[in-house]
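# Understanding the architecture of this molecule
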Amino acid sequence: MSGGKNYKPVGGVAAAELFAVRGLASPRQMAAGGGTAVEIADTGSSYTETFSVDEGRVSVEHVLVLRADLGRAEAWFDGDFLARCGAEGVAARIVLASGETIVAGWSQRFGFEQALRLRSLALRSGDKAVDEPHAELTLACRDTSRALGEDELPEEDSL
């Protein structure tokens, strides 16, 4: 038992807003409230970067998993949203529980060409009687740079 200790969460995703990449020239155009935002569950959402090497070339896989109660995840089941996530992709402004804000689905080298794309959208009933049914949206992309720990976004004229 924790003995009633208070702690500040440092892991996981606190919020994420998804933006259609069509027509975007820069992450600075991803204004709060202009994308698809779903209130996510307190647990179960994550962002992962995995570096790998193939024939001497380094790449980075970005995976965003968002979990929400079924009643709040309706926007994810919209046909147009799913088609956009699969075909064109989306970029995400992600707020981590640590307070850091990052952009996934955009890179200095590729711009929005390597946007996050739909890997899966799952409905989960839970495996225990106390589990709430929820939806889990998984988006992924691969490029050559990381989003975590990157410096400030470049100025508009440097893109």
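Preceding this section is the structure that the text describes.
Overview of the structure.

The rules we used
The residue numbering used here restarts from 1 in each chain and proceeds along that chain's sequence as written. Thresholds applied to this predicted model are a pLDDT of at least 70 for local features of residues and 80 or more for the giving and counting of side-chain atom pairs; totals over whole chains, interfaces and linings are not thresholded and use all residues. Excluded from the side-chain calculation are hydrogens and water; included are all heavy atoms of the structure. Numbering of helices and strands runs from the N terminus, with a helix taken as a DSSP run of H or I at least four residues long and a strand as a DSSP run of E at least two residues long. Each residue's exposure class comes from its accessible area (1.4 Å probe, protein chains only) as a fraction of the maximum for that residue type: buried when under 20%, exposed when over 50%, partly exposed otherwise. For the charge count, each Lys or Arg is scored as positive and each Asp or Glu as negative, with His and the chain ends excluded. By definition, a salt bridge exists where a carboxyl oxygen of Asp or Glu is found within 4 Å of a side-chain nitrogen of Lys or Arg. Nitrogen and oxygen atoms within 3.5 Å of one another constitute a polar contact, given that in protein one can donate a hydrogen and the other can accept it, and given that sequence-neighbouring residues count only through two side-chain atoms. Two strands pair if DSSP finds at least two bridges between them. Throughout, nonpolar core names a set of buried Ala, Val, Leu, Ile, Met, Phe, Trp, Tyr and Cys residues whose side chains join them through atoms within 4.5 Å. The contact criterion used is simple: two residues touch if any of their non-hydrogen atoms lie within 4.5 Å.

### Some points on the side chain of E17
Looking at where E17 falls in the secondary structure, it is placed in strand β1 (residues 13-20). Of the side chains with opposite charge, R93 lies nearest to the buried E17, which makes no salt bridge, at 6.3 Å. Looking at E17, its side chain comes within polar contact range of the main-chain nitrogen of G33, at 2.9 Å. Here the side chain of E17 touches G34 through a polar contact of 3.1 Å, landing on its backbone nitrogen.

### Observations regarding the pairing of strand β3 (residues 46-54)
The sheet contact formed by β3 and strand β4 (residues 57-69) spans nine bridges and is antiparallel. Looking at the pairing, S46 lines up with V65 of β4. Hairpin geometry of β3 and β4 is characterised by an intervening segment of two residues between the two adjacent antiparallel strands and by a positive phi of about 55 degrees at E55.

### Looking at unusual backbone geometry
Non-glycine residue E55 carries a positive phi angle of around 55 degrees. For E55, a relative accessible area of 71% gives the class exposed.

### Description of the pairing of β1
Direction of pairing for β1 relative to strand β5 (residues 90-96): antiparallel, over a ladder of seven bridges. Looking at the pairing, V13 lines up with L96 of β5. Where β1 meets strand β2 (residues 36-37), two bridges bridge the pair, whose relative direction is antiparallel. By the bridge assignment for β2, E17 is matched with A37.

### Considering the nonpolar core
V13, L18, Y47, L64, W76 and I94 are the most contacted members of the largest nonpolar core, which has 25 residues in total. Elements with a contribution of two residues or more to this core: β1, β4, α1 (79-87), β5, β6 (101-104) and β8 (134-143). Those residues within four positions of L18 in sequence are excluded, and the remaining contacts are G35, T36, L64, L66, W76, F81, V90, A91, A92, L137 and L139. One finds F19, V21, A91 and W106 within the second-largest nonpolar core, a separate group that totals eight residues.

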